[in-house]
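As a plain string of letters, each chain reads:
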Amino acid sequence: MTKSIRKTAGAKRSRSWVWRAGAVLLAVSLVAAACGDDDDGAATPDPAPAPAPSPDPAPEPPPPPEPAAEAVEPIVLGDLAVWTGDFASIGALLAAQADFPVNEVINLDPPLGRPIEIIHEDIGTVGEAQAVRKLLEQDGVDIVLSSAHEYFTYRDFMLDWQEANDGPLMPTVHGGVIPVNVGGRPGEPIFRAQGSDEGQGVTNALYVEALGAQSVVVMTTPTAGYQLTADALEKALDMIGIELLDRIDAPGEQASYRTEVQRAVDAAPDAVVIYGQATEGAIMVKNFAEAGWSGIIVGEVGWSEPEFAPTATVEALSSHQAVAYPAFGYQRNAAWDFYQPLWDNNPDYTQHTSADDPYSFTTYDLLIITALAIEEAGSVNGSDWAPAMFKVSAAPGTKCYTYANCLALIRAGTDVDYEGVTGPGTFSPGGINAVVPVVRVFGPDGEIADEVAVDSERHLEILNQVAYQFEG
């Protein structure tokens, strides 16, 4: 059973006319004649009647009513949501992160005057391919948001659809698994919010190196993105001279990982790197503490979600040398100054997470750039939009930090360079967004106690050598 939630933003207006008519009043005055004799006794004729007053001129007919304003056609965005399956626990959170920039910012003055309507289409049970076909063939969406781990199972279909329809636009929050050289062009207009998944592997390798680890065990659940990230980690560890003792594949959505954890403990590593979503990773962290092992544990960016720390427990977090996850730093700039209070002062969103959640601000920036590029392109055609994504987020345009300011500049005919919360907003030729790699470290109370910057130049150097290049 699938779940689809459709949200329409924007109101339609109609006009009514009130007709006014006047009445014409005609008054005729009669003068009574007086009778009398003249000198010869003849009767005096009645005096001529006074002329009747002229009636008011007939009123001009009212103008015909103005034709009713044509209904504005919305831009329809299909969000590949997760109401069921491995990531169902964060489905509402991820949907809210997509709703926020659309409902709170973009639809106040939408691109091309067309409000964005969001359909949250569940992929957890049916998979991406079936959900995408439904969104395109039945809902007629203009944008497919967040093609991800299963993209290559329907890529041929999508390429044929792109060729025939010059769309849909394909921004993606969770598309880091897609090879770095796929996307960023008409015909395959994929633009990512968070860099590549492989970048997380490089971040983790550099972090455990900084902590002095000489040996590592990797544990990963089956999700394709986690497997890709683990591949990149292996290569990065080899490049920097850290020994990989074991790579353990664990099933997803288990209530306990004691068997896999004991295998890792027996290898006696200095650090453990875990690729599993928030609940899975938290259970593993807890199981390591229960097994009596204390050391360095590094996870994946999904550990930023609120359920991680309570599931791991304060007792387990405080027992380890470090529990951390790779993330993306945010810029303290005018974009942040606008975005942060808008999120953190709205309980519709704070019930899920905070403004500094990496998924919150990277989704925000991606959809802001998407809307600005639609305005710049003048259409929702992929052949217009893909080059506009590069244009609105790079020099030599005028630097701007909010959707409203950038939109006004574009409408005035000025080139813009949007700089957001995530980073400079620039994209690689394959549509990879520039991010600032950091590691966030949990304190013993389950709150983030530290944020450690990673050498971005060294990070990029290693990533370019370990990233998978698609051929075909």
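For the structure, check the block above.
Residues numbered from 1 in each chain as written. Predicted model: local features only at pLDDT ≥ 70, side-chain atom pairs only at ≥ 80, totals over all residues. Heavy atoms only, no water.

A.B. asks: Even after reading the chapter, I still don't get the packing of helix H12 (residues 358-377) against helix H13 (residues 382-391), so can you show me in this structure?
C.D. replies: A pair of packed helices is characterised by two quantities: the angle between their axes and the separation of those axes. Contact geometry for H12 and H13: axes closest at 8 Å, N-to-C directions at 115 degrees. Handedness of the crossing formed by H12 with H13: right-handed. Side by side, H12 and H13 meet where Ile369, Thr370, Ala373, Ile374, Glu376 and Ala377 of the first sit next to Asp384, Trp385, Ala388, Met389 and Lys391 of the second. Classifying every residue of the contact of H12 with H13 gives 7 nonpolar, 1 polar and 3 charged. (Axes fitted to C-alpha atoms, helices over the stretch in contact; angles between N-to-C directions. Helix = DSSP H or I, 4+ residues; strand = E, 2+ residues; numbered from the N terminus. Left-handed = near helix turned anticlockwise from the far one by under 90°. Contact = heavy atoms within 4.5 Å. Nonpolar A, V, L, I, M, F, W, Y, C, P; charged D, E, K, R; others polar.)

A.B. asks: Mind showing me how you'd approach the pattern of salt bridges here?
C.D. replies: Oppositely charged side chains can pair when the atoms bearing their charge come close. Applying the stated rule across the entire model yields 17 salt bridges. Measuring nitrogen to oxygen at the nearest pair gives 2.8 Å for the salt bridge that ties Arg247 to Glu234. Pair noted here: Arg247 is in strand S8 (residues 243-249) and Glu234 is in helix H5 (residues 224-240), with a separation of 13 residues, a long-range link. For Glu234, a relative accessible area of 30% puts it in the partly exposed group. The partner of Arg440 in a salt bridge is Glu451, with the nearest N and O atoms 3.1 Å apart. With Arg440 in strand S14 (residues 437-442) and Glu451 in strand S15 (residues 448-453), this residue pair connects regions lying 11 residues apart in the sequence. A relative accessible area of 5% means that Arg440 is categorised as buried. Residue classification places Glu451 among the partly exposed residues on the basis of a relative accessible area of 31%. (Salt bridge = Lys/Arg side-chain N within 4 Å of Asp/Glu carboxyl O. Buried < 20%, exposed > 50% of the residue type's maximum accessible area, 1.4 Å probe, protein only.)

A.B. asks: Got a minute to help me understand helix H10 (residues 334-344) in this structure?
C.D. replies: Every α-helical turn comprises 3.6 residues, leaving residues that sit three or four positions apart pointing alike. Buried within H10 are the following residues: Ala335, Trp336, Tyr339 and Trp343. Angular distribution of buried residues about the axis of H10 spans 85 degrees; they occupy a single face of the element. Check the buried side of H10 and you find it contacts helix H1 (91-104), helix H11 (347-350) and H12. Its side-chain oxygen placed 3.1 Å from the backbone nitrogen of Ala335, Asn333 serves as the N-cap of H10. (Arc of directions from axis to C-beta. Polar contact = N/O pair within 3.5 Å; in protein donor to acceptor, adjacent residues only side chain to side chain.)

A.B. asks: Can you help me understand the side chain of Asp246 in this one?
C.D. replies: Structurally, Asp246 can be placed in strand S8. A distance of 2.9 Å separates the side chain of Asp246 from the side chain of Arg263, its partner in a polar contact. In this structure, Asp246 is in contact with Val216, Val217, Val218 and Arg263, ignoring residues within four places of it in sequence.

A.B. asks: Honestly, the nonpolar core in this entry has me stumped. Any pointers?
C.D. replies: Side chains of a nonpolar character, in soluble globular proteins, are inclined to be buried together. In terms of nonpolar packing, the biggest core is built from 51 residues, with Tyr339, Tyr364, Ile368, Leu372, Tyr403 and Val421 touching the most fellow members. Per element, the largest residue contribution to this core is 11 residues, and it comes from H12. For Leu372, the contacting residues outside a window of four places in its chain are Val392, Tyr403, Cys406, Leu407, Ile410 and Tyr418. Counting 32 residues, the second largest nonpolar core, distinct from the first, contains Val202, Val208, Ala236 and Ile240. (Core = buried A, V, L, I, M, F, W, Y, C linked by side-chain atoms within 4.5 Å.)

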